[in-house]
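Report on the structure
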Amino acid sequence: RDTVPGGPSMQGPGEVAAAMKVEIRFVKASASAITLDLHVPAHLEAIAKPERFELQWREAKREDDSWATASSSLKLRRCTKGNLKHRTGYMFRARAFVAGEGWSEFGPETKPLLTTLPEVPETCSEG
């Protein structure tokens, strides 16, 4: 039984992955991309480090609940989802893969995150 002060006790196979909910933190947005940080609570990382992450996304205004996978082999905690439409809201969710345990459940989805307007080239004038 693995225990970490202030954290849950883990008894059997799969329990760490089951408890490991990846939180997504907004970093920045541009006209066609959103950059995010993937965060796992420290008390769970002390027991088992994730090998990789899966990031899923969807347009916030979609009526169905279908998600697209951006990548299921992310090794870094900071990632950028590109090829997005400008001035559009997107939602994201992520999960972690723990060796010997498998994939965790998806963590909470983000609130809608908005891409920006494209920059106007300096050579353009409104006059």
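These lines cover the structure that appears in this document, whether it is placed above or below. The residue numbering used here restarts from 1 in each chain and proceeds along that chain's sequence as written. In keeping with the model being predicted, local features are shown solely for residues with a pLDDT of at least 70 and side-chain atom pairs are shown and tallied solely at 80 or more, while totals for entire chains, interfaces and linings include all residues. Working from all heavy atoms in the structure, the side-chain values ignore hydrogens and water.

Bringing the environment of Ala 96 into the picture now. As for its placement among the helices and strands, Ala 96 is situated in strand β6 (residues 89-98). By relative accessible area, Ala 96 is classed as buried at 0%. Residue contacts are counted whenever heavy atoms from the two residues lie within 4.5 Å of one another. With residues up to four places along the chain from it excluded, the contact list for Ala 96 reads Met 20, Val 22, Pro 50, Arg 52, Phe 53, Gly 102, Trp 103 and Ser 104. Under the DSSP-based scheme used, a helix requires at least four consecutive residues in state H or I and a strand at least two consecutive residues in state E, with every element numbered from the N terminus. Throughout, exposure labels follow a simple rule: accessible area from a 1.4 Å probe, protein chains only, divided by the maximum for the residue type, with under 20% read as buried, over 50% as exposed, and the rest as partly exposed.

Another point: the environment of Ala 99. Locating Ala 99 in the fold gives a position in the loop between β6 and β7 (102-103). C-alpha of Ala 99 to C-alpha of Arg 52: the two residues are 47 residues apart in sequence and 9.4 Å apart in space.

On to the pattern of salt bridges. A carboxyl oxygen of Asp or Glu within 4 Å of a side-chain nitrogen of Lys or Arg is what we treat as a salt bridge. All chains considered together, the criterion is met by nine salt bridges. Measuring nitrogen to oxygen at the nearest pair gives 3.6 Å for the salt bridge that ties Arg 58 to Asp 65. By relative accessible area, which is 9% here, Arg 58 ends up buried. Overall, the relative accessible area of 54% leaves Asp 65 in the exposed class. A salt bridge links Arg 62 to Asp 64, with the shortest nitrogen-to-oxygen separation between them at 2.9 Å. It is possible to trace a salt-bridge network through shared partners that takes in Glu 45, Lys 49 and Arg 77.

Once that is clear, we can look at the pairing of strand β3 (residues 52-59). Along β3, six of the eight residues are buried, which leaves the element largely enclosed by surrounding structure. Strands are labelled as partners when DSSP assigns at least two bridges between them. Two strands pair when backbone bridges link them, and β3 and β6 are joined in this way by eight bridges, in the antiparallel orientation. Looking at the pairing, Phe 53 lines up with Ala 96 of β6. In terms of strand pairing, β3 meets strand β4 (residues 68-74) through four bridges, oriented antiparallel. Bridging from a neighbouring strand, Phe 53 pairs with Leu 74 of β4.

A few words on the packing of aromatic side chains. Two aromatic rings from Phe, Tyr or Trp, using only the six-membered ring of Trp, form a pair when their centres are within 6.5 Å; if the ring planes differ by under 30 degrees the pair is stacked, by over 60 it is edge-to-face, and anything between is tilted. Applying the stated criterion to the full structure yields two aromatic pairs. When the centroid spacing of 5.8 Å and the interplanar angle of 55° are considered together, the rings of Trp 57 and Tyr 90 count as tilted. Linking Trp 57 in strand β3 with Tyr 90 in strand β6, this pair joins segments that are 33 residues apart in sequence. In this structure Tyr 90 comes out as buried when scored by relative accessible area, which is 1%. Considering the side-chain rings of Phe 97 and Trp 103, the 5.3 Å spacing of their centres and the 70° angle between planes classify their relative orientation as edge-to-face. On the basis of relative accessibility, which here comes to 28%, the residue Trp 103 falls in the partly exposed class. Just above the ring of Phe 106 sits the side chain of Arg 93; from NZ or CZ to the centre is 4.1 Å. Placement of a charge over a ring requires the Lys NZ or Arg CZ to be within 6 Å of the ring centre, with the centre-to-atom vector within 35 degrees of the ring normal.

Right, let's talk about the sheet that holds strand β5 (residues 78-81) for a bit. Strand pairing in a sheet relies on backbone hydrogen bonds, with the paired strands running either antiparallel or parallel. Strand order in the open sheet formed by three strands is β1-β2-β5, with antiparallel pairing between adjacent strands. The open sheet has two free edges, formed respectively by β1 (23-29) and β5, since each of these has just one partner strand. Between one strand and the next, the sheet's axes are offset by a mean angle of 30°, whatever the strand orientation. Of the pairings in the sheet, the one linking strand β2 (residues 34-39) to β5 comprises four bridges and is antiparallel in character. Bridging from a neighbouring strand, Ile 34 pairs with Lys 81 of β5. Between N-to-C directions, angles cover 0 to 180 degrees, with each direction set by a line fitted to C-alpha atoms, over the stretch in contact for helices.

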